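Secondary and tertiary structure notes
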Amino acid sequence: MLFSYNWLQSFFDKKLLAPQKLAELLTLHSFEVEELKKNHNDWVFDLDITPNRAADCFSHLGIARECSVLTNTKIREEEIKVKENKSFDIKDYISVGVKNSKDCYRYTGRIIKGIKIKSSPRYIKERLFSCGLEPINNIVDAANYIMLELGQPLHAFDLDKIEGSKILIRRAKNGEKINTLDDKNYRLNNDVLVISDIKKVLAIAGIKGGKSVAINDGTKDIFIESANFNPTLIRKTSKKLNLKTDASFRFEHGMDSNLTEKAIDRLAELIQEVAGGDIVKGKIDIYPNKILSKSIKLDLRQTEKLLGVKISKNEIVRILKSLGLGVNKKLEIKIPTWRPDLNQNEDLIEEIGRIYGYENLKADFPKITLMPGSKNEEIIWEYKIKDTLRAVGFSEVYNYSFINKKIGDYSNSPLVELENPFSEEFYYLRPNLIINLLGNIKHNIKYFKKDEAIRIFEFGTVFKKTKNGIKEKKMLTGLITGNGQDFYALKGVVDALLESLGISDKFYDNFQISSENSQQIFWNIHKSAEIKANNMEIGFIGQLSSDILLKLENKKSVIAFEIDFNKLIKICNGEKEYQAASKFPSAIRDISILVPMRVKVADILNQINSVKENLVQDVDLFDIYEGDKKDREKKSLAFHIIFQAKNRTLNGDEIEFIFQKIIKALEENADWEVRKQS
Amino acid sequence: MDIKDIKNRAEKDIKSAQNINDLDKVFQKYLGKKGQLTQVLHLLKDLPEEEKKKTGKIANQFKKEFLIKTENQKKNFSDTDSYNPKSEWIDVTLPGKKISTGHLNPITQVKREVEDIFERLGFSVVEGPEVESEKYNFDALNIPKNHPARDMWDTFWIKYQEKEKLLLRTHTSPVQIRYMEKHNPPLRIVAPGRVFRYEATDASHEINFYHIEGLMIDKNISIANFKAIIERFFQMFFKKSVKIRLRPSYFPFTEPSFEVDIGCLVCGGKGCSVCSQRGWLEMAGAGMVHPKVFKAVKLNPKNWQGFAFGLGLDRLTMMKYKIDDVRLLYGGDLKFLQQF
């Protein structure tokens, strides 16, 4: 909000500090000065007024009060002198009714007759300019001027255009219309509070005036309004109509009802000064529930405890008094109604603290019980995973939590929708990490050499809509593409990853097609597998479906893995137990076996392991031969079988005995043929 | 020639040898074909028996020592491997065999470091959901419905028919509410995580970014305590002395409230383009937990007090690595990521 230095100066007899110095004091003790700029012979402060101080500091008076406290300079108190013309009585011109005092807390009005519309004097125009307002005419400018001076929004109506000499503050009827000052039409309903006469809506209360009663060059007599409305009501209406004005902005923050009277008198005084005319005797003032000032007992002990420093009682009293608060011997602090933000001792502590200066509080480490922070297991595993993937060549990307609308609609998943999506590009919450990771591949491929390997991963939250609410879970997803980046390469990565997490019980199973599995469209199910650990499916690995690649304009084959972190975390295991390696030599026998093409390595290994011999220390696949391309019915697999005992050197007969058992076991299967032994 | 004399000179020569070539020359001088010691040994046979015995003993002792000393000196030149310069030459400037390791997003690295610092300061790291209810994101934090204070957080609302409205959390402050509901003070936690704001994006604004929220609750935690903790944090993070200052501010969930500025790390407070000539950089919002927040989690504000603060991790990341556009962090560009 903009404030004029010259205007602030006008509240003081003494010269204020230089603008830069003042700006620094305001920033450190009151409100941040976002900008200080020169404007002709004036300086303009752009202050970030916090919403709790709207009632007093959306005005030059409020900021002048702050300056007064910070510079220890007295504000000049000027009496408002309203010279009423006793030969007119307001009762003869207008009557006002407020339908519901919960909508309109106070309604104050005056009438001025015989004014002359012209342009405002120079000082008013300059100050309005400084604060970013365009001067219009002396009446409208005066109302704006007093709003900027005191914080009270004001409005002037052409009295002659108010029909029936009656004003009613009421809810609009459904369908009622108004054409506003800026020539826009609004259709109103019962949620909107309006100012009306007997026939029409004169203004949207607290937000904008209507054109029908606007001040123009021919205006002679005016009715001026100074009111306070229900802030919530004003805010709702302003949002609904998408109409935000200087007035609505102030009202929605909550104004001081006790300000309306002072403001209307000040406005009457100023209008007479700039436009002449007679101020009609008396004023309208409908104020059924008077707001009284309240008292808070200052708790010195808590003040010291919360600030962490002892400030003398004298200094505290001085600070509170300088802020315009009443202080008595019992330290009961009387809060003026223009400080509705002060409701409890903590609020007073803030006032004391900021004026005393936070820079004067000496940093002091807490004296507390030693209590070590506990490690967060989930985060430890998360970083372990990231470190492992990084070590095997994966780079970590962060993508947006949103996905494109088109892809979302295509993916056929139970997506989480937003009431206010950011754009078509960021439309749904992401149901997986694959979609945006594919976007990364597409982006990066442009800058990489042809077929250069790309390995990326992301760890993040994904969202799903279910019958029981929105479900979110953490996912770990990695993608590879380019030279040498095939299924087996990625499987090796997943193996290494699970190994590093202490998960040894794992296997890869054929992709199961299930009706509820919305994942299906992402995977080429013939070239994908389920990752299982501890007999639980924890994720998927394989080639991404050509459908999804096509949809995302990706020409290259991409292999991916996706692991549900919430499942993974349950089986991660940091425990390790040392087992002594055998000191005795091992013996190796090789075996080669010819099997039909579709026989899995796992089946052969299972068969070998079915010979329950603990002297077989390891079985190692070292060669696969799939024959020439024409005759692809059989393939030959070769294994090292490693024999070793913990306590002795094995002799040839022992080894041969077990080896023969293995061969026999393998040959139980009629299609399998053990070809070679050595 | 006197053997002792030869010995003294030989020892000096060994010591003064600068490299393997020098040493080789020394060796030749004494033990080469025409070396001085070789000649002495050679002449031994012509000596009378008794002298032969005596001198021989001394000469052989000397030879032994000479060999040990030259060998030791050789080690000093550390090139103990013999090699064939023609066939075994190594071009040390040739690139090594490439091992491709990956890179972690800079936010991950900063988040980890920040968590680590707070853990060392006695805080535990806790997390919470990204989809939140209005209650946890706003109401319990004393941000009432239809209050202009809500405008401080531009919110993504979720389309979902439920009694309570859901949203994407605008800060990780809901985590402190969830934590305080379940744990009794004293409490010291930090809550890092992704947060969301519905606002136009530019070099310093994103629709999703990372926050870390801190909370310390005990019997007597004061603003002075907060100053000490936050100052120490910044010093540990930036690994240098950092000036801080608190400015009054407003957050519905703290009273008093303040902004935390640090002295500009680039210009040291004189004013530069990084700090927009202010000399200070705004780093965090903070304050003393509001009594209404304590009441919302059923703690008695008469018994407990403490501070809460919120830090932007993206901002810390950008400062640490001099990144000038926040959007780079979410762009997935490997040319960018590979620098970390």
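Conventions adopted
Residues numbered from 1 in each chain as written. Chains lettered and ligands numbered in written order. Predicted model: local features only at pLDDT ≥ 70, side-chain atom pairs only at ≥ 80, totals over all residues. Helix = DSSP H or I, 4+ residues; strand = E, 2+ residues; numbered from the N terminus. Rg over C-alpha atoms; globule rule 2.2 N^0.38 Å. Buried ≥ 20, exposed ≤ 12 C-beta atoms within 10 Å, placed from the backbone. Contact = placed C-beta atoms within 7 Å. Domains from an automatic or database assignment. Core = buried A, V, L, I, M, F, W, Y, C linked by C-beta atoms within 7 Å. Pairing = 2+ DSSP bridges. Axes fitted to C-alpha atoms, helices over the stretch in contact; angles between N-to-C directions. Parallel < 35°, antiparallel > 145°, perpendicular 65-115°, else oblique. Left-handed = near helix turned anticlockwise from the far one by under 90°. pLDDT = per-residue confidence, 0-100. Expected span 1.5 Å × (residues − 1). Nonpolar A, V, L, I, M, F, W, Y, C, P; charged D, E, K, R; others polar.

**Thoughts on the overall build of chain A**
- When you go through chain A residue by residue, the secondary structure sums to 20 helices and 32 strands.
- Against the 2.2 N^0.38 benchmark of 26 Å for 678 residues, chain A shows a C-alpha radius of gyration of 40 Å, more extended than a compact globule.
- By its C-alpha atoms, chain A is 130 × 60 × 45 Å across when sized along the principal axes.
- Buried residues in chain A amount to 39% of all 678 residues.
- Looking at chain A alone, contacts between residues at least 24 apart form 70% of all its contacts between residues at least 6 apart.

**Digging into the domain arrangement of chain B**
- The domains assigned to chain B are domain 1 (3-76) and domain 2 (106-337).
- Placing the centre of domain 1 of chain B and that of domain 2 of chain B at their C-alpha centroids yields a distance of 78 Å.

**Side note on the nonpolar core**
- The biggest cluster of nonpolar side chains holds 228 residues, and the ones touching the most others in it are A:Ile139, A:Ile146, A:Val194, A:Ala205, A:Ile222, A:Leu267 and A:Ile271.
- Those residues in contact with A:Ile271 that sit more than four places away from it in its chain are A:Ile112, A:Ile115, A:Ile139, A:Ala142 and A:Gly277.
- By size, the runner-up hydrophobic cluster in this structure holds 10 residues, among which are B:Ile14, B:Tyr30, B:Leu37 and B:Phe62.

**Some thoughts on the environment of B:Met180**
Residues and elements named next belong to chain B.
- Positionally, Met180 belongs in helix α7 (residues 173-182).
- Between the alpha carbons of Met180 and Lys15 there is a distance of 75 Å; along the sequence they are 165 residues apart.
- With near-sequence residues (within four places) excluded, Met180 lies in contact with Leu187, Val297 and Leu299.

**Notes on the pairing of strand β31 (residues 634-643) of chain A**
Residues and elements named next belong to chain A.
- Direction of pairing for strand β29 (residues 587-596) relative to β31: antiparallel, over a ladder of 10 bridges. Paired with Arg589 across the strands is Ile641, a residue of β31.
- Direction of pairing for strand β30 (residues 616-625) relative to β31: antiparallel, over a ladder of eight bridges. For Asp623, the partnering residue across the bridge sits in β31 and is Ala638.

**Remarks on the sheet that holds strand β5 (residues 208-218) of chain B**
All names here are of chain B.
- With mixed pairing, seven strands are arranged side by side in an open sheet as β1-β4-β5-β9-β8-β7-β6. Each edge of the sheet is formed by a strand with only one pairing partner; in this case those strands are β1 (124-125) and β6 (244-251).
- Pairing of strand β4 (residues 187-196) with β5, which is carried by 10 bridges, proceeds in the antiparallel orientation. Paired with Ala191 across the bridge in β5 is Glu213.
- Strands β4, β5 and β9 (305-312) of the sheet are contacted by α7, whose axis makes an angle of about 140° with β4.

**Quick notes on the packing of helix α7 (residues 231-240) of chain A against helix α8 (residues 246-253) of chain A**
Residue and element names in this part refer to chain A.
- In the contact formed by α7 and α8, the axes pass within 7 Å of each other and the chain directions differ by 140°. Considering their axes alone, α7 and α8 lie oblique with respect to each other. Seen along the crossing, α7 lies across α8 with a hand that is left-handed. Seen from α7, the contacting residues are Pro231, Ile234, Arg235 and Ser238; seen from α8, they are Ser248, Phe251, Glu252 and His253.

**Regarding the packing of helix α10 (residues 300-307) of chain A against helix α12 (residues 345-356) of chain A**
All names here are of chain A.
- Following both chains from N to C, one finds α10 and α12 inclined at 60°, their axes separated by 10 Å at the closest point. Judged on the interaxial angle alone, α12 and α10 are oblique. As α10 runs across α12, the sense of the crossing is right-handed. In this structure, α10 contributes Gln302, Thr303, Leu306 and Leu307 to the contact, and α12 contributes Asn345, Ile349, Ile352 and Gly353.

**Regarding the confidence of the model for chain A**
- In the predicted model, chain A carries a mean pLDDT of 92, and the fraction of residues at 70 or more is 98%.
- Per-element confidence in chain A is highest for strand β20 (residues 395-396) of chain A, whose mean pLDDT is 98, and lowest for strand β32 (residues 673-677) of chain A, whose mean pLDDT is 73.

**A closer look at helix α8 (residues 223-238) of chain B**
All names here are of chain B.
- In this model, α8 (16 residues) spans 22 Å end to end at C-alpha, consistent with the 22 Å of a helix rising 1.5 Å per residue.
- All of the buried residues along α8 are Ile223, Asn225, Phe226, Lys227, Ile229, Ile230, Phe233, Phe234 and Phe237.
- Taken from the residues just after α8, Lys239 is the one with a positive phi, measuring 55°.

**Topic: the interface of chain B and chain A**
- Contacts between chain B and chain A engage 64 residues on the former and 71 residues on the latter.
- Of all the secondary-structure elements, those providing two or more residues to the side of chain B that touches chain A are α5 (106-120), β1, β4, β5, α8, β6, β7 (254-263) and α11 (334-337) of chain B.
- Taken together, the residues that form the side of chain B that touches chain A break down as 32 nonpolar, 17 polar and 15 charged.

**With respect to the sheet that holds strand β13 (residues 208-209) of chain A**
Residues and elements named next belong to chain A.
- Taken together, five strands build an open sheet; the order of strands is β5-β8-β11-β12-β13 and the sheet is mixed. The open sheet terminates on both sides in strands that have one partner only, identified here as β5 (95-98) and β13.
- Judged from the four bridges that link them, strand β8 (residues 166-171) and strand β11 (residues 193-196) form a sheet pairing that is antiparallel. Bridging from a neighbouring strand, Ile169 pairs with Ile195 of β11.

**Points about the environment of A:Gln485**
Residues and elements named next belong to chain A.
- Note that Gln485 resides in the loop between β24 (469-481) and α16 (487-500).
- A sequence separation of 34 residues divides Gln485 from Asp451, and the C-alpha atoms of the two residues are 9.6 Å apart.
- Every residue in contact with Gln485, bar those within four places of it in the chain, is listed here: Ala453, Ile480 and Ile559.

**Points about the domain arrangement of chain A**
- The domain architecture assigned to chain A consists of domain 1 (2-71), domain 2 (84-286), domain 3 (294-360), domain 4 (377-571) and domain 5 (587-677).
- One C-alpha centre belongs to domain 1 of chain A, the other to domain 5 of chain A; they are set 88 Å apart.

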